Amino acid sequence: MAAEPKDMTDDNKETTSDTTSTEATAVAEKPAAKVSVGKLSASQLIRAFEEEQIAKQAKDHPEIYVGDTVRVGVRITEGNKERIQPYEGVVIAKRHGGLNETITVRRIFQGVGVERVFLIHSPQVASIKVERRGKVRRAKLFYLRDRVGKATRVKQRFDR
């Protein structure tokens, strides 16, 4: 009885060596993909994926700062037609970074303040154009919500 387990393990070794050799040839036949040496941590893997996606999009977005007046071209589909509608306003906030970067744009439409949040790397955003640079001293301009008329103006910046 002691001899039988030895024979079974020998058989298992033979079958595993056969499968590994066929797997090795199958791997060798596939085109070589981008392979990194060593193990990556989860954050490094996510960062590498995000950089790859940003490079793949290759959108040339300008540097956007809080206080800038921007014109965002938004893709709108109506039935089977697609058009690009501009949305112009002041950037009052930027959030996140990398692939998940968003901007909050505020404009006044028919006397009512309207704010929209845009994901910069979204396929819905066709283009972003900076109309004028704003000179501000804060990271978030939520105080503009409480202001009316000429008090909502932001000084222009000329050095950028």
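Refer to the structure printed above.
Rules and cut-offs
- Residues numbered from 1 in each chain as written.
- Predicted model: local features only at pLDDT ≥ 70, side-chain atom pairs only at ≥ 80, totals over all residues.
- Heavy atoms only, no water.
- Pairing = 2+ DSSP bridges.
- Helix = DSSP H or I, 4+ residues; strand = E, 2+ residues; numbered from the N terminus.
- Patch = residues over 30% accessible without salt bridge, like charges linked within 9 Å, V, L, I, M, F, W, Y side chains within 5 Å.
- Areas by Shrake-Rupley, 256 points an atom, 1.4 Å probe, with all protein chains shown as cover.
- Salt bridge = Lys/Arg side-chain N within 4 Å of Asp/Glu carboxyl O.
- Lys, Arg positive; Asp, Glu negative; His and termini not counted.
- Charge placed at Lys NZ, Arg CZ, Asp CG, Glu CD.
- Contact = heavy atoms within 4.5 Å.
- Axes fitted to C-alpha atoms, helices over the stretch in contact; angles between N-to-C directions.
- Buried < 20%, exposed > 50% of the residue type's maximum accessible area, 1.4 Å probe, protein only.
- Phe/Tyr/Trp six-rings, centres within 6.5 Å; stacked < 30°, edge-to-face > 60°.
- Lys NZ or Arg CZ within 6 Å of the ring centre and 35° of its normal.

A.B. asks: So what's going on with the pairing of strand β1 (residues 69-78)? Which residues, and what values?
C.D. replies: One ladder, built from 10 bridges, connects β1 with strand β2 (residues 81-95); its direction is antiparallel. Within β2, the position partnered with Glu78 by the bridge is Lys81. In terms of strand pairing, β1 meets strand β5 (residues 125-132) through 6 bridges, oriented antiparallel. Of the residues in β5, the one forming a bridge with Gly73 is Ser127.

A.B. asks: Which residues make up a positive patch on the surface, and what values do they have?
C.D. replies: A cluster of like positive charges, contributed by Lys135, Arg137, Arg138 and Lys155, occupies part of the molecular surface. Topologically, Lys155 is positioned in the segment after β5.

A.B. asks: Account for the side chain of Thr102, with residues named and values stated.
C.D. replies: With respect to the element layout, Thr102 can be found in strand β3 (residues 102-109). Leaving out residues up to four positions away in the same chain, Thr102 has contacts with Ala93, Lys94, Arg95, His96, Val117, Phe118 and Leu119.

A.B. asks: Please provide a residue-by-residue account of the sheet that holds β2, values included.
C.D. replies: Hydrogen bonds between backbone groups are what pair the strands of a sheet, and the pairing can be parallel or antiparallel. Taken together, 5 strands build an open sheet; the order of strands is β4-β3-β2-β1-β5 and the sheet is antiparallel. Edge strands, defined here as strands with exactly one partner in the open sheet, are β4 (112-119) and β5. The sheet shows a mean angle of 40° between the axes of neighbouring strands, direction not considered. Strand direction decides the pairing type here: β2 and β3, joined by 5 bridges, are antiparallel. Along β3, the bridge assignment pairs Val91 with Val105.

A.B. asks: Before we move on, can you summarise unusual backbone geometry with the specific residues and values?
C.D. replies: The backbone of His96 shows a phi angle near 60°, a positive value even though the residue is not glycine. Within the secondary structure, His96 is located in the loop between β2 and β3. Positive phi values are uncommon outside glycine, yet Gln110 reaches one of about 55°. Counting through the fold element by element, Gln110 comes out in the loop between β3 and β4. Given the relative accessible area of 71%, Gln110 is considered exposed.

A.B. asks: Provide a residue-level description of the packing of aromatic side chains, including the pertinent values.
C.D. replies: Across all of its chains, the model carries 1 aromatic pair by this definition. On the numbers, 5.6 Å between centres and 65° between planes, the contact of Tyr87 with Phe118 is edge-to-face. Within this pair, whereas Tyr87 is found in strand β2, its partner Phe118 is found in strand β4, the two being separated by 31 residues in sequence. In this pair, the class of Tyr87 matches that of Phe118, namely buried. One cation-aromatic arrangement involves Arg107 over Tyr87; the distance from NZ or CZ to the ring centre is 5.1 Å. Looking at Arg116, its charged tip hangs above the ring of Tyr87, at a distance of 5.3 Å from the centre.

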